[in-house]
Amino acid sequence: MTSNPNSVHSNNSVNSVENAPLLEVRGLKMHFPIRRGFLQRTVGHVRAVDDVNFFIQPGETLALVGESGCGKTTTARCILRALDPTAGEVLFRTDDGRAVNLAAIPRKQLRPWRQHMQMIFQDPYASLNPRMTLADIVGEPLLVNGMRDRQARNDRVAELLRLVGLRPEYMQRYPHAFSGGQRQRIGVARALALNPSLVVADEAVSALDVSVQAQILNLLMELQERLGLTYLFVAHDLSVVKHISDRIAVMYVGKIVELAPTRRVFSVPKHPYTEALLSAVPIPNPRVHSQRILLEGDVADPSKPPPGCYFHPRCRYAVERCRIEPPPLVEVESGHYAACHRATELTLRGVMGRETGQN
Ligand SMILES: Nc1ncnc2c1ncn2[C@@H]1O[C@H](COP(=O)(O)OP(=O)(O)OP(=O)(O)O)[C@@H](O)[C@H]1O
Ligand code: SF4
Ligand SMILES: [Mg+2]
């Protein structure tokens, strides 16, 4: 058994080009200090991200899911160095196959790396400046990176708008003239302006209606195919990531508790928290009734998590050991990792079988 989802790759390592991940996160921690009193003394820490490890292969989509406050956005922001992580490595592969640790690069030297990694935000209303035209919004990253000629910029903006299914004639319009789905397309066009290899989508479709969500997800999948993009797709809802992700990492209180190929997560979950999240996924078959597992109690406070397994106060399978000993993330089956003392002994309920009434 392996205790680190990266270790399958760390032997032939990030230095060899073949089979090397585009992104590898090792031992990532982000602990925010809690300051109190007149002297602002540090009285504790919010362990928002606490020893997170994963890799993403070129062209792959890894989904990061979990309830609100589990550390998804903080993980994404550390990768993009919007935050300076407390500890850990963020290894990003360069075109010549070397891996550079973005967590250790001085801020001033980050610019050339930033253009390889772009973000799509949750709220297309808030993330687009209402006073800028599409030409300026989508063209801004080009300008910042030295494309001073307006005509050349507009040509590229037109190309990007076509790519995301918008008409180039819209270029001189302002964001308020567009629907939610169209605004998210604008956000995607802007993110793609500099030809990134990694796109981090943080709740990119969560604010949209279900039908529009499907259109944006389809667009993202098409663009991935066409441009060879690699995605880190952050969402709180497992049903949203089902079709877009190759693998899923489930987070709970700053830690990954399960990581596996999407099909396995949905059919044979190995962590009771994943089982509970899956029980909330709607089933398309009306003859099959779901048995939703109600998660009692609140998500643990990341500034004072409980001893042992952080999930034990809400876990219906908890035993004495769970209250004392923290479970490490181990490979329970090939490529399937879980942090649960009882992972190999429990038979948990997935969704794939339930959809057909077999489970
Ligand atoms: N700058 C900060 N200072 C202190 N605590 C923070 C800061 N940013 C985030 N946190 C805390 O870190 C934890 C993780 O927050 P984060 O935003 O990463 O969660 P999330 O999984 O993205 O949640 P959501 O689904 O609501 O977006 C939360 O407890 C949050 O309150
Ligand atoms: S280690 Fe124990 S408490 Fe934690 S998820 Fe597994 S069974 Fe539940
Ligand atoms: Mg978030």
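Whatever comes next refers back to the structure up there.
Residues numbered from 1 in each chain as written. Chains lettered and ligands numbered in written order. Predicted model: local features only at pLDDT ≥ 70, side-chain atom pairs only at ≥ 80, totals over all residues. Heavy atoms only, no water.

What about the site of ligand 2?
Argument step 1. By nearness alone, 13 residues border ligand 2, and Cys309, Cys315, Cys322, Cys340 and His341 come closest of all.
Argument step 2. Of the residues that constitute the shell around ligand 2, the class distribution is 9 nonpolar, 3 polar and 1 charged. (Near = heavy atom within 4 Å. Nonpolar A, V, L, I, M, F, W, Y, C, P; charged D, E, K, R; others polar.)

Overview of the sheet that holds strand β4 (residues 87-93)
Argument step 1. The strand order across the open sheet built from 4 strands is β2-β1-β4-β5, with neighbouring strands paired in antiparallel fashion. The two strands at the open ends of the sheet, each matched to only one other strand, are β2 (41-56) and β5 (99-101). Across the sheet, the mean angle separating the axes of adjacent strands is 25° when strand polarity is ignored.
Argument step 2. Sheet topology places strand β1 (residues 23-36) next to β2; 12 bridges connect them, and they run antiparallel. Across the sheet, residue Val25 finds its bridge partner in β2, namely Phe54.
Argument step 3. On top of the sheet, helix α2 (residues 72-79) reaches β1, β2 and β4; it is set at about 115° to β1, its chief contact. (Pairing = 2+ DSSP bridges. Helix = DSSP H or I, 4+ residues; strand = E, 2+ residues; numbered from the N terminus. Axes fitted to C-alpha atoms, helices over the stretch in contact; angles between N-to-C directions. Contact = heavy atoms within 4.5 Å.)

Examining the nonpolar core
Argument step 1. Counting 69 residues, the largest nonpolar core has Leu223, Phe233, Leu238 and Ile248 as its most contacted members.
Argument step 2. When residues in this core are grouped by element, the largest group, 6 residues, is from helix α8 (residues 210-227).
Argument step 3. Among residues more than four places away in sequence, those in contact with Leu238 are Val65, Ile248, Phe266, Thr274, Leu277, Leu278 and Val281.
Argument step 4. Core analysis: the next-biggest nonpolar cluster, separate from the first, contains 37 residues, Val100, Ile105, Ala249 and Leu259 among them. (Core = buried A, V, L, I, M, F, W, Y, C linked by side-chain atoms within 4.5 Å. Buried < 20%, exposed > 50% of the residue type's maximum accessible area, 1.4 Å probe, protein only.)

Structural notes on the layout of surface pockets
Argument step 1. Space inside the largest pocket adds up to approximately 660 Å³.
Argument step 2. In terms of lining, the largest pocket is formed by 27 residues, of which the most central are Arg114, Met117, Gln118, Met119 and Arg190.
Argument step 3. Along the lines of polarity and charge, the residues of the lining of the largest pocket split into 14 nonpolar, 6 polar and 7 charged.
Argument step 4. If you add up the space inside the second largest pocket, you get close to 330 Å³. (1 Å grid on protein atoms, 1.4 Å probe; cavity = no way out; pocket = protein on both sides within 12 Å on 5 of 7 lines; lining within 4 Å. Points joined across faces, edges and corners; volume = space filled by probe spheres on them.)

Re the packing of aromatic side chains
Argument step 1. Following the criterion strictly, the structure yields 4 aromatic pairs and no others.
Argument step 2. Aromatic pair Tyr252 and Phe311: ring centres 5.1 Å apart, planes at 80°, arrangement edge-to-face. Of the two residues, Tyr252 sits in strand β9 (residues 247-252) while Phe311 sits in the loop between α11 (272-279) and β11 (330-333), which places them 59 residues apart along the sequence.
Argument step 3. The buried category is assigned to Phe311, whose relative accessible area is 3%.
Argument step 4. Centroid distance Tyr273 to Phe311: 5.3 Å. Interplanar angle 65°. Geometry classified as edge-to-face. (Phe/Tyr/Trp six-rings, centres within 6.5 Å; stacked < 30°, edge-to-face > 60°.)

Considering the packing of helix α7 (residues 180-192) against α8
In a pair of packed helices, the angle between the axes and the distance between the axes together describe the arrangement.
Argument step 1. Their axes nearest at 10 Å, the elements α7 and α8 cross at an angle of 20°. What the angle tells us is that α7 and α8 run roughly parallel. The way α7 lies across α8 gives a crossing that is right-handed. Listed contacts from α8 to Gly181, Gln184, Arg185, Val188 and Leu192 of α7 are Val212, Gln215, Ile216, Leu219, Leu220, Leu223 and Leu227.
Argument step 2. Looking at the contact of α7 with α8 residue by residue, the classes come out as 8 nonpolar, 3 polar and 1 charged. (Parallel < 35°, antiparallel > 145°, perpendicular 65-115°, else oblique. Left-handed = near helix turned anticlockwise from the far one by under 90°.)

What to know about empty space enclosed by the protein
Argument step 1. The full count for this structure, using the stated rule, is 2 cavities of 30 Å³ or more.
Argument step 2. Roughly 90 Å³ of volume is contained in the largest cavity.
Argument step 3. Lining of the largest cavity is provided by 14 residues; of these, Cys309, Cys315, Cys322, Cys340 and His341 occupy positions nearest its centre.
Argument step 4. The residue makeup of the lining of the largest cavity, split by class, is 10 nonpolar, 3 polar and 1 charged.

What to know about α7
Argument step 1. Compared with the 18 Å implied by 1.5 Å per residue over 13 residues, the 19 Å span of α7 between its first and last C-alpha is a close match.
Argument step 2. Of all 13 residues making up α7, 11 are buried, and the element is well covered by its neighbours.
Argument step 3. Buried within α7 are the following residues: Gly180, Gly181, Arg183, Gln184, Arg185, Ile186, Gly187, Val188, Ala189, Ala191 and Leu192.
Argument step 4. Buried residues belonging to α7 abut β6 (117-120), α4 (124-127), α5 (134-144), α6 (150-163), β7 (198-202) and α8. (Expected span 1.5 Å × (residues − 1).)

Quick word on the site of ligand 1
Argument step 1. Around ligand 1, the surrounding shell holds 13 residues, and the nearest of these are Ser68, Gly69, Lys72, Thr73 and Thr74.
Argument step 2. One nitrogen or oxygen atom from the side chain of Ser68 is found 2.5 Å from an oxygen atom belonging to ligand 1.
Argument step 3. The contact in question runs from an oxygen atom of ligand 1 to an N or O atom on the backbone of Cys70, over 3.2 Å.
Argument step 4. When contributions to the shell around ligand 1 are tallied by element, the ones reaching two or more residues are β2 and α2.
Argument step 5. Broken down by element, the residue count for the shell around ligand 1 peaks at 3 residues, all from α2. (Polar contact = N/O pair within 3.5 Å; in protein donor to acceptor, adjacent residues only side chain to side chain.)

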